[in-house]
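An overview of the molecular structure
Below, each chain spelled out in residue letters.
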Amino acid sequence: MYGRFDDKTAFITGVAKPNGIAWAVARALAEEGVKLGLTDISPLVHERAKELRSRGTEVYSWVTDLRSLEAVKAMAAQFVEKVGKADILCNVAGMAITGGQEEKLETVLEMDEKDWDFSIELNLKTTFNAIKAFLPCMVKNGYGRIVNCSSVTGPLVSNPGESAYSAAKAAIVGLTHGLAIEAAPHGITVNAVGPGWITTGSSLEGELAAAKNTPVGRGGTPEEVANVFRFLASEDASYITGQLIVVDGGNILQEYKGPSELYY
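This text gives an overview of the structure that appears in the document. Computed from a prediction, not measured in an experiment: that's the story for all the values here.

Axis separation between helix α3 (residues 69-83) and helix α4 (residues 113-141) bottoms out at 8 Å; the angle between their running directions is 35°. Note that α3 runs across α4; the crossing there is right-handed. When α3 is examined against α4, the residues L69, V72, K73, A76, F79 and V80 are found in contact with a partner set consisting of N129, A130, K132, A133, F134 and C137. Residue composition of the contact of α3 with α4, by class: 9 nonpolar, 1 polar and 2 charged.

Listed below in structure tokens is the structure:
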């Protein structure tokens with residue numbers, strides 16, 4: 001553990017829900033003594049920061065709409081002013097707005113342009129904007145770790161009604177690939193994490209049922225995903241870049257995904 005996060009700072013997006021992946025990532029990095037910046041469109045992000053602060057973590061929080069590049073750049077500048085640099089960026093925001101509009105499950109035939117744009121902005125533009133805001137500081141310092149939250153949905157599999165979400169999450173992998181090549185000469189690695197069925201406060205009944213039919217027989221935990229974020233953000237992953245690391249309990253390996261008693 002020693003030396004993996006010496007004098008490091010990290011910024012994490014989408015930190016509002018107390019049972020979500022972003023909050024688990026924040027806790028994992030806080031355990032390493034990393035100075036943190038947190039953001040979400042929900043004021044609940046301040047509650048998450050308050051909890052970490054009570055444990056001795058140096059942490060700052062912002063309520064920001066990540067779809068606004070101007071707002072994200074202003075926030076990034078404030079974070080760097082407070083802690084001196086930006087070493088790690090964990091892009092976890094997406095899928096839903098806490099307390100606000102959520103994505104609709106619509107086929108391409110059903111959806112209109114507005115719904116398509118909303119999904120792309122929520123899942124892809126937010127990631128791009130955060131990278132655009134923090135990357136210059138990393139380039140200037142010759143060091144950085146960018147870890148993007150993609151999904152198995154899009155890059156590897158999909159479901160009816162999730163074409164827009166799939167397109168955005170697949171594009172995050174494409175962005176990860178391209179940026180990894182561009183950023184490598186500057187001492188910056190760029191990777192993506194692809195969660196499968198992860199049990200969070202947002203899990204629907206059908207998702208919980210699907211999780212029980214993974215090879216390991218359960219959904220993953222936010223902490224299990226956060227451990228991968230922590231690894232990719234650390235010095236232990238210094239020679240890994242441009243990769244998608246799947247965290248799905250082996251689910252995409254199996255052709256049959258129904259109840260095991262009917263096949264296995």
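Moving on, we get to the pairing of strand β2 (residues 35-40). The two faces of the sheet receive side chains in turn, since in a regular strand these alternate between them. Counting buried positions over the 6 residues of β2 gives 5, a clear majority of the element. Across 5 bridges, strand β1 (residues 9-13) lies against β2 in parallel orientation. Pairing of A10 across the sheet is with L36, part of β2. Between the parallel pair β1 and β2, the chain is carried across by helix α1 (residues 21-30), and the sense of this crossover is right-handed. Sheet analysis places β2 next to strand β3 (residues 59-63), joined by 5 bridges and oriented parallel. When the bridges of β3 are listed, T39 appears paired with W62. Taking the sense of rotation as the criterion, the β-α-β connection linking β2, helix α2 (residues 44-54) and β3 turns out right-handed.

Looking at the element boundaries, R27 is found in helix α1. For R27, a relative accessible area of 18% gives the class buried. Setting aside anything within four residues of it in sequence, one finds R27 in contact with P18, L52, R55 and E223.

This paragraph deals with the pattern of salt bridges. Per the stated rule, a full pass over the model turns up 12 salt bridges. With a closest N to O distance of 3.1 Å, R230 and E31 form a salt bridge. Separated by 199 residues along the polypeptide, R230 in helix α7 (residues 222-232) and E31 in the loop between α1 and β2 bring together distant segments of the chain. With a relative accessible area of 61%, E31 lands in the exposed category. Connected through shared salt-bridge partners, R4, E31, E32, R230 and D236 make up one network.

This next bit is on helix α5 (residues 163-183). Along its 21 residues, α5 runs 30 Å from first to last C-alpha, staying within 8% of the 30 Å computed at 1.5 Å per residue. Within α5, the full set of buried residues consists of A164, Y165, S166, A168, K169, I172, V173, T176, L179, A180 and A183.

It is worth spelling out the nonpolar core at this point. Among the nonpolar cores identified, the biggest contains 35 residues, and I12, L29, L36, L38, C90 and F229 are the most heavily contacted of them. Sorting the residues of this core by element identifies β1, α1, β2, α2, β4 (88-91), β5 (144-149) and α7 as the ones contributing at least two each. Counting residues per element, this core draws most heavily on α1, which supplies 9 residues. Look past the residues within four positions of C90 in its chain and what remains in contact with it is F11, I12, T13, V25, L29, V147 and F229. Counting 24 residues, the second largest nonpolar core, distinct from the first, contains V72, L89, A130 and V190.

Topologically, A130 is positioned in helix α4. On the accessibility criterion, A130 (0% relative accessible area) is buried. In this structure, A130 is in contact with T13, V72, L89 and N91, ignoring residues within four places of it in sequence.

With their axes 8 Å apart at the nearest point, α1 and α7 run at an angle of 55° to one another. Taken together, the axes of α1 and α7 lie oblique to each other. Crossing angle aside, the handedness with which α1 passes α7 is right-handed. Taken together, the residues of α7 that come into contact with α1 (itself represented by I21, A24, V25, R27, A28 and L29) are P222, E223, V225, A226, F229 and R230. Here the residues of the contact of α1 with α7 are counted per class, giving 9 nonpolar, no polar and 3 charged.

Reading the values: rules and limits
- Residues numbered from 1 in each chain as written.
- Predicted model: local features only at pLDDT ≥ 70, side-chain atom pairs only at ≥ 80, totals over all residues.
- Heavy atoms only, no water.
- Axes fitted to C-alpha atoms, helices over the stretch in contact; angles between N-to-C directions.
- Helix = DSSP H or I, 4+ residues; strand = E, 2+ residues; numbered from the N terminus.
- Left-handed = near helix turned anticlockwise from the far one by under 90°.
- Contact = heavy atoms within 4.5 Å.
- Nonpolar A, V, L, I, M, F, W, Y, C, P; charged D, E, K, R; others polar.
- Buried < 20%, exposed > 50% of the residue type's maximum accessible area, 1.4 Å probe, protein only.
- Pairing = 2+ DSSP bridges.
- Right-handed = clockwise from strand over helix to strand, strands pointing away.
- Salt bridge = Lys/Arg side-chain N within 4 Å of Asp/Glu carboxyl O.
- Expected span 1.5 Å × (residues − 1).
- Core = buried A, V, L, I, M, F, W, Y, C linked by side-chain atoms within 4.5 Å.
- Parallel < 35°, antiparallel > 145°, perpendicular 65-115°, else oblique.

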